[in-house]
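Here are the chains, one letter per residue:
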Amino acid sequence: MSERTIPLPGKVWRAQLRGVTHRYHDDASVPPVLDAIDLTLAPGEMVILSGPTGSGKTTLMTLVGALRRHQSGSVEVLGRNLEGASESQLTALRRDIGFIFQDHHLFDALTPLETLRLAMQLKAERYGKHDYRERPVEWLTRVGLEGRMNARPRSLSTGQRQCVAVARALINEPQLILADEPTASLDAVSAGIALDTLREAVRGRDATVLMITHDSRQFALADRVVSLLDGRVQSAPAAAAAIRHSSNP
Ligand SMILES: Nc1ncnc2c1ncn2[C@@H]1O[C@H](COP(=O)(O)OP(=O)(O)O)[C@@H](O)[C@H]1O
Ligand SMILES: [Mg+2]
């Protein structure tokens with residue numbers, strides 16, 4: 001795996017997929033789930049990934065997040081070419097990415113404060129004692145959980161739990177954030193907080209967000225909407241895509 005800390009001129013991107021095709025089965029008569037996908041994610045952009053259920057959105061996101069190995073084409077993420085990367089290189093890369101899933105994946109034994117402190121340990125070299133005390137409090141306050149920092153996840157609402165998951169994904173300030181239907185089952189208040197927090201990461205510190213959503217009302221938040229259909233990418237400016245989707249649900 002090649003490391004490139006300073007992007008070459010004209011090659012400034014957070015992720016780039018070229019000609020990526022993916023099959024879950026060897027049967028060549030079945031069309032691939034992803035068919036020769038090209039996708040580039042630039043710094044400081046929020047890209048929404050949309051498309052019908054089963055169109056390959058989650059599969060594509062797991063390839064960008066190095067949660068799954070690509071079968072063909074090339075995948076480059078945060079300056080690293082994933083061709084032939086070792087497991088430990090992939091693990092290191094995943095630590096640089098903020099993941100948010102539809103299902104929050106919190107440990108029930110950990111309070112929100114403990115959850116965030118554990119996340120900070122992935123980047124322990126950056127932090128001192130003071131950070132472990134202050135930073136989780138700041139982040140939980142930011143997502144509206146100042147009164148619930150020591151609660152068990154089970155006692156939180158779905159929306160509050162997802163807000164913990166958002167804070168967990170962002171606390172180390174990753175340059176790349178991948179969110180798979182983060183607001184799908186949330187109340188409007190929690191969804192608003194989650195989306196504002198993601199948007200702020202993009203605007204405030206040039207993070208790149210790739211977010212899967214079915215909700216066309218959210219398309220206006222994005223700099224770009226990428227639609228998947230029959231395993232292929234169709235790009236359109238956010239506004240145009242929102243209009244098309246709302247008139248043709
Ligand atoms: N682990 C898997 N093994 C086999 N088939 C899968 C697996 N994951 C997804 N698929 C299939 O791949 C297609 C795309 O799935 P997915 O990427 O989850 O789509 P989306 O997120 O757009 O709903 C679907 O037909 C799904 O059934
Ligand atoms: Mg999915």
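Before reading on, note that the structure itself is shown above.
Numbering of residues starts from 1 in every chain and runs along the sequence as written. Chain letters and ligand numbers both follow the written order, the letters beginning at A and the numbers at 1. For this predicted model, a pLDDT threshold of at least 70 governs which residues receive local features, and a threshold of 80 or more governs which side-chain atom pairs are given and counted, while totals over whole chains, interfaces and linings are taken from all residues.

K.L.:
For this particular structure, what's the right way to read the sheet that holds strand 4 (residues 74-77)?
P.N.:
Within a beta sheet, neighbouring strands are joined by backbone hydrogen bonds and run either parallel or antiparallel to one another. In space, the 4 strands of this open sheet follow the order 2-1-4-5, with antiparallel pairing throughout. The outermost strands of the open sheet, each flanked by one partner alone, are strand 2 (34-41) and strand 5 (80-81). Where strand 4 lies against strand 5, 2 bridges are found, and the strand directions are antiparallel. Bridge pairing in strand 5 links Glu 76 to Asn 81. Residues are treated as contacting if the C-beta atoms built from their backbones sit within 7 Å of each other. A fitted line through C-alpha atoms represents every axis, and for helices the fit uses only the stretch in contact; the resulting angles, taken between N-to-C directions, go from 0 to 180 degrees. Numbering of helices and strands starts at the N terminus; helices are DSSP runs of H or I of at least 4 residues and strands are runs of E of at least 2. Packed on one face of the sheet, helix 1 (residues 57-64) meets strand 1 (15-22), strand 2 and strand 4 and runs near 130 degrees to strand 1. By this definition, two strands are paired if DSSP reports at least two bridges between them.

K.L.:
Can you help me understand helix 5 (residues 158-170) in this one?
P.N.:
In an α-helix, one turn spans 3.6 residues; hence positions three or four apart end up facing the same way. Here the expected length of a helix is defined as 1.5 Å per residue gap, with one fewer gap than residues. Counted at 1.5 Å a residue, the expected span for helix 5 with its 13 residues is 18 Å, and the 19 Å between its end C-alpha atoms agrees. For every residue, the other C-beta atoms within 10 Å of its own C-beta are counted; 20 or more classify it as buried, 12 or fewer as exposed, and values in between as partly exposed. C-beta atoms are placed from the backbone. In terms of burial, helix 5 is largely enclosed, as 12 of its 13 residues are buried. Among all positions in helix 5, only Gly 159, Gln 160, Arg 161, Gln 162, Cys 163, Val 164, Ala 165, Val 166, Ala 167, Arg 168, Ala 169 and Leu 170 are buried. Where the residues of helix 5 are buried, they touch strand 6 (97-100), helix 3 (112-120), helix 4 (129-142), strand 7 (176-180) and helix 6 (188-205).

K.L.:
Please explain the site of ligand 1 as it appears in this structure.
P.N.:
Each residue gets a C-beta atom placed from its backbone. Should that atom fall within 6 Å of a molecule or strand, the residue is termed near it. Lining the immediate surroundings of ligand 1 are Tyr 24, Val 33, Gly 51, Thr 53, Gly 54, Ser 55, Gly 56, Lys 57, Thr 58 and Thr 59. The residue classification treats Ala, Val, Leu, Ile, Met, Phe, Trp, Tyr, Cys and Pro as nonpolar and Asp, Glu, Lys and Arg as charged. All others, Gly included, are polar. The class makeup of the residues in the shell around ligand 1 is 2 nonpolar, 7 polar and 1 charged.

K.L.:
Just to check I follow, could you spell out the packing of helix 3 against helix 5 for this structure?
P.N.:
What describes two packed helices is the angle between their axes and the distance between those same axes. Close contact between helix 3 and helix 5 brings their axes to 9 Å; oriented N to C, the two are set at 25 degrees. Taken together, the axes of helix 3 and helix 5 lie roughly parallel to each other. Between helix 3 and helix 5 lies a crossing of right-handed hand. Of the residues in helix 5, those touching helix 3 at Pro 112, Thr 115, Leu 116 and Ala 119 are Val 164, Ala 167 and Arg 168. Reported orientations rely on four angle classes, namely roughly parallel under 35 degrees, roughly antiparallel over 145, roughly perpendicular from 65 to 115, and oblique for the rest. By convention the crossing between two helices is left-handed if the near helix lies anticlockwise of the far one by an angle smaller than a right angle, and right-handed if it lies clockwise.

K.L.:
Mind showing me how you'd approach the environment of Arg 14 here?
P.N.:
Its place among the elements puts Arg 14 in the segment before strand 1. Judged by C-beta crowding, with 27 C-beta atoms within 10 Å, Arg 14 ranks as buried. Note: C-alpha distance between Arg 14 and Thr 208 (194 residues apart in sequence) is 7.1 Å.

K.L.:
What's the story with the environment of Ser 190 in this structure? I'm lost.
P.N.:
As for its position among the elements, Ser 190 is in helix 6. We classify Ser 190 as buried; it has 22 C-beta atoms within 10 Å. Separated by 32 residues in sequence, Ser 190 and Thr 158 have C-alpha atoms that sit 8.7 Å apart. Each residue touching Ser 190, except ones within four places of it in the same chain, is listed here: Gly 159, Gln 160, Gln 162 and Cys 163.

K.L.:
Sorry, what's going on with the pairing of strand 7 here?
P.N.:
As a general feature of sheets, a regular strand has side chains that alternate between the two faces. Most of strand 7 is tucked away, with 5 of its 5 residues classed as buried. As defined by bridge partners, strand 6 adjoins strand 7 across 4 bridges and the pair is classed as parallel. Among the inter-strand pairings, Phe 99 is bridged to a residue of strand 7, identified as Leu 178. Pairing analysis gives 5 bridges linking strand 7 to strand 8 (residues 208-212), with the strands arranged parallel. Looking across to strand 8, one finds that Leu 178 is bridged to Leu 210. Orienting the strands away from the viewer, one traces the path from the first strand over the helix to the second; a clockwise path indicates a right-handed crossover. Once you follow strand 7 into helix 6 and on to strand 8, the crossover reads as right-handed.

K.L.:
Can you help me understand unusual backbone geometry in this one?
P.N.:
Phi is mostly negative for residues that are not glycine, and the peptide bonds are mostly trans. Even without glycine at this site, Leu 78 takes up a positive phi of about 50 degrees. Inspection of the secondary structure assignment puts Leu 78 in the loop between strand 4 and strand 5. Phi at Glu 181 takes a positive value of approximately 45 degrees, unusual for a residue other than glycine. Mapped onto the fold, Glu 181 is located in the loop between strand 7 and helix 6.

K.L.:
What is the right way to read helix 4 from this model?
P.N.:
Its 14 residues place the ends of helix 4 21 Å apart at the C-alpha level, agreeing with the 20 Å of an ideal helix rising 1.5 Å per residue. Packing partners of the buried residues in helix 4 comprise helix 3 and helix 5. In the stretch just after helix 4, Gly 144 is the one whose phi turns positive, near 80 degrees.

K.L.:
Would you take a moment to explain the packing of helix 5 against helix 6 for this structure?
P.N.:
Orientation of helix 5 relative to helix 6, taken along the N-to-C sense of each, is 10 degrees, at an axis distance of 9 Å. When the axes of helix 5 and helix 6 are compared, the pair comes out roughly parallel. Residues Gly 159, Gln 160, Gln 162, Cys 163, Val 166 and Leu 170 of helix 5 form the contact with helix 6, whose own contacting residues are Val 189, Ser 190, Ile 193, Ala 194, Thr 197 and Ala 201. Among the residues making up the contact of helix 5 with helix 6, the classes are represented as 7 nonpolar, 5 polar and no charged.

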